[in-house]
2 protein chains.
Amino acid sequence: MQIQKIMQQSAQAFETYRQVTPAVRAAFLETIATELEAQRETMVQTAGEETNLPAARLNGELTRTTNQLRLFAELVKEGSWVEAVIDSARPESTPARPDLRRMLLPVGPVVVFGASNFPFAFSTAGGDTASALAAGATVVVKGHPAHPRTSLLAYAAISKAVEKSGLPAHTVQHVADEGYETGKLLVIDPATTGVAFTGSFNGGKALLQYASQRETPIPVFAEMGSVNPVVFYPDALITQGPQLAQTFAASITLGMGQFCTNPGLLLGIQSDALDNFAHMLGGAISASAPAKMLHKGIHAAYSKGRAKILSLEAVSLVGQTPEPAEEEAWPAVARTTGAEFLQNPHLAEELFGPYSLLVSCADEEELEKVLRSLKGQLTTTVVGTEKDTTIYKSMIALQATLAGRIILNNAPTGVEVCAAMVHGGPYPATTDNRFTSVGTSAIRRWVRPVCFQNFTDSMLPDALKKSNPLGIWRLVDNEFTR
Amino acid sequence: MQIQKIMQQSAQAFETYRQVTPAVRAAFLETIATELEAQRETMVQTAGEETNLPAARLNGELTRTTNQLRLFAELVKEGSWVEAVIDSARPESTPARPDLRRMLLPVGPVVVFGASNFPFAFSTAGGDTASALAAGATVVVKGHPAHPRTSLLAYAAISKAVEKSGLPAHTVQHVADEGYETGKLLVIDPATTGVAFTGSFNGGKALLQYASQRETPIPVFAEMGSVNPVVFYPDALITQGPQLAQTFAASITLGMGQFCTNPGLLLGIQSDALDNFAHMLGGAISASAPAKMLHKGIHAAYSKGRAKILSLEAVSLVGQTPEPAEEEAWPAVARTTGAEFLQNPHLAEELFGPYSLLVSCADEEELEKVLRSLKGQLTTTVVGTEKDTTIYKSMIALQATLAGRIILNNAPTGVEVCAAMVHGGPYPATTDNRFTSVGTSAIRRWVRPVCFQNFTDSMLPDALKKSNPLGIWRLVDNEFTR
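Residues numbered from 1 in each chain as written. Chains lettered and ligands numbered in written order. Predicted model: local features only at pLDDT ≥ 70, side-chain atom pairs only at ≥ 80, totals over all residues. Heavy atoms only, no water.

1. Thoughts on the relation of the copies chain B and chain A
- Mapping chain B onto chain A is achieved by rotating through 180° and translating by 0.0 Å along the same axis, at an RMSD of 0.0 Å. Considering both components of the superposition, the chain copies are consistent with a two-fold axis. Nearest to the rotation axis, the C-alpha of Ser212(B) is located 3.6 Å from it, this being the minimum over chain B.
- Both copies present the same face, since 99% of the interface residues in chain B are matched by interface residues at the equivalent positions in chain A. (Least-squares fit on C-alpha atoms with pLDDT ≥ 70 in both. Contact = heavy atoms within 4.5 Å.)

2. What to know about the interface of chain B and chain A
- Counting residues at the interface gives 67 residues for chain B, matched by 67 residues for chain A.
- When chain B packs against chain A, the two sides together hide about 5500 Å² of surface, and 56% of this comes from carbon and sulfur.
- Summed over the three residues of chain B that lose the most area to chain A, namely Arg434(B), Arg448(B) and Gln453(B), the buried surface amounts to 13% of that side.
- Taken together, the links from chain B to chain A amount to 6 salt bridges.
- Residues Arg444(A) and Glu83(B) are paired through a salt bridge, measuring 2.9 Å at the closest nitrogen-oxygen approach. (Buried area = accessible area lost by both parts, 1.4 Å probe. Salt bridge = Lys/Arg side-chain N within 4 Å of Asp/Glu carboxyl O.)

3. What to know about the sheet that holds strand β3 (residues 110–113) of chain B
Residues and elements named next belong to chain B.
- Read from one edge to the other, the open sheet built from 5 strands follows the order β5-β4-β3-β6-β7, with strand pairing classed as parallel. Taken across any chain shown, the strands that pair with only one partner, and hence form the sheet edges, are β5 (172–175) and β7 (220–223). Strand after strand, the sheet turns through a mean of 15° between neighbouring axes, direction not considered. (Pairing = 2+ DSSP bridges. Helix = DSSP H or I, 4+ residues; strand = E, 2+ residues; numbered from the N terminus. Axes fitted to C-alpha atoms, helices over the stretch in contact; angles between N-to-C directions.)

4. Section: the packing of helix α4 (residues 55–78) of chain B against helix α5 (residues 127–135) of chain B
Residue and element names in this part refer to chain B.
- One can describe the packing of α4 onto α5 by two numbers: an axis separation of 9 Å at closest approach and a directional angle of 20°. Taken as axis vectors, α4 and α5 run roughly parallel relative to one another. Viewed along their axes, α4 and α5 form a crossing whose handedness is right-handed. In this structure, α4 contributes Gln68, Leu69, Phe72 and Val76 to the contact, and α5 contributes Gly127, Ala130, Ser131 and Ala134.
- A per-class count over the contact of α4 with α5 returns 5 nonpolar, 3 polar and no charged. (Parallel < 35°, antiparallel > 145°, perpendicular 65-115°, else oblique. Left-handed = near helix turned anticlockwise from the far one by under 90°. Nonpolar A, V, L, I, M, F, W, Y, C, P; charged D, E, K, R; others polar.)

5. A word on unusual backbone geometry
Residues and elements named next belong to chain A.
- Following Tyr427, the chain continues into Pro428 via a peptide bond in cis, with omega recorded as 5°.
- Within the secondary structure layout, Pro428 lies in the loop between β16 (403–408) and β17 (447–453).
- The phi dihedral of Asn409 is positive, around 55°, even though this residue is not glycine.
- Among the secondary structure elements, Asn409 is positioned in the loop between β16 and β17.
- Taking relative accessible area as the criterion, Asn409 reaches 35% and is therefore assigned partly exposed. (Buried < 20%, exposed > 50% of the residue type's maximum accessible area, 1.4 Å probe, protein only.)

6. Description of the pattern of salt bridges
- Considering all chains together, one arrives at 41 salt bridges over all chains under this definition.
- Note that Asp432(A) and Arg434(B) form a salt bridge whose closest N and O atoms lie 3.7 Å from each other. Of the two residues, Asp432(A) is situated in the loop between β16 and β17 and Arg434(B) in the loop between β16 (403–408) and β17 (447–453); the pairing between them involves two chains. Per residue, the accessibility class of Asp432(A) equals that of Arg434(B), and both read buried.
- Here the salt bridges share partners, and the residues they tie into one network are Glu83(A), Arg444(A), Glu83(B) and Arg444(B).

Set out below in structure tokens:
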């Protein structure tokens, strides 16, 4: 079907969907979760066949996906997310102030690009779709070509929920991937009002480029990954070396390193403790096991990138697993110096897979230079004792400017779906660091504030009526109340 | 001085300024207000010479400007604007949830383009500067070429406040306008993290175009004006015709029509009452007086545009003032039909000045077509009685999708600086309808959310510490508390 027609249908469905009550919207999201749950076995089986991910991981991811839908249902039912603000009339002021009331309202059809590395949680019925539907936006999903059957199963669950909820048939539509042209047509269509994408830098950049060709600008929220630099401060290396080696080896190889928050860059200041840590990390990596990656394209890119890096004179191998079977990826940790890292910008690029680069800096000054050379990141991690965090306060402050999430003594993998999460960060980690793609705040990507001036109570949306019939938190004359 | 050096100085000042306490930031904003107040007479005198605006208006605008600075000072002192969100650790969950805390933090140097039509309130020390400084961003202002001396006076007041507050000298810098190249260099500089602009569509679009050439995307918040469509519903025209004619004639000619929210398009359904209204509106306009506009360029553009529209066969004159002196603008209201309006897209374009176009639509259907043909607007106004708003409910809902602010039975001119204000709207009214450039929410343009994971209390910013030392409103485990 023509993309233009699909987007027009979405715009038409939006006319109805944007006006349904929060209760209906919430019930719809819950029904999607129920329908996904009802076909759990088939979905896990199919996704396993298409992505090589193990059943335990996929079961966990499906639970995360249904929890996410229910979390957005709760958010919509609770209702305060619309950020209602009321400034009462002040007829006595000069000039007289009229009654002004503001809330967030959905903008229009949203295009969601499914991701390859989370066939459930960041794909057809994933967080982008859930947040857009929660906001009152209609959705057109472009399924990821690496798991077309899984995507259609998720879409079938959504379609059942659309029907059971009595919503317009085109509230959510699914477009199979037919190459780059499909994505381009979706982004440039006049009816599209926003785009969500999780994937590669080149993919995200292309979408941004398409969007810049539009007559009417729209936001493109592309999450393009990062190397998630981890700084190991000296005292932590001295006192916790063995434990850190285990923790980070596990984080680097988790899910064959196929996470946007994979710790791909490990930084420290040259010392015996750092050498010991490197030795132990190498040992821990070599004790892990090779496995298949998501699909052949990712595997080929990883193998090529890995071989290229390890062939560099400036880079040495810290550790790797035994040689894998032909179809499996070969986990490895490499090492270089701060000076070499600064001279070779390619070393700062993400290599998607079970790989990380340890950079030993000559001194504090070089560490700072390395940090300042880095582009925007999703996360950055501080590994340090209380002594470290006291001594390196300004270095930690510098780290905080790099990323959307700054972590103390945890591995960066594991992205909690909650209100405080920021899964975002300065470019090129994402295209818009004012927003997050994970957590309840992700809903803000699909709305705009609208101010109602001098409206009579009966004409106002419920969220803004005098009596506060929804019982939501509102900022009324600069005081939070409900 | 080279723009590159200026932006580097701004980035360097940001390293310090972003870390000053809210109390220091608030005192700084208040000191700017005090310093502006201290030179009120000179500023009003100078701005009067440069802009032809009367002293009463300029005095009011300067008061608005200092109030605005104080409002942002209050916002910063109160502190809840950082949207602190805390999700406590849940070690018992699978997987265990770490402690996650989020707040808004400033992004970096902001470039502010002064506007011509508000030499104080939207210029050097105006709302864009105030909101950026409140957020913790440093600012580089490009003064508007139409009032260079006024701009330098405002900058002198800011500089005194910088010094008195003990802040880095480059916290705010001023760049004189030296043509388009200056603006381009400011927008494309790598150190720039955001741009604020209020002005013409062509100006805003050019900045957006420059920004698209950057390696790292940044937000450009351009407010480019609109025609602010007003729909006069039938019963209101029957019952309130004379009063409406007075109110809207005054709004159209207020400040020689030099407001972004000037009602430039008046819509109604053909009727005797509409004809009577047109007649009365024409009379009211002809009773107003011509006057000088802000500068020669605006006057020339207005005169040319006015002459062109009135020369069209499809357009008739509803009313105008007596012929003005050569340097003055000639206020006028013209009229056309819905059919002609739909055929001639140029009639929907803004003509900046004391002018409005009344469009009489054949019927409800044509009115809807006209509304659907319109692009994004800053405001749209509903003029209707209770009877009207009951009958035309869906037409009013359609109006609400057009603009950032929807007004009932008020003139659109007059933009209150408060928490609920939205001075923004769908493109081409602005380049980003998720934000406002007036009111306390304008601060959100200059910040990004940052999440702190597993941080010890002493390492957290005050806004996120367990004891809530700032006493701000926070969302803690999904409950609003302080």
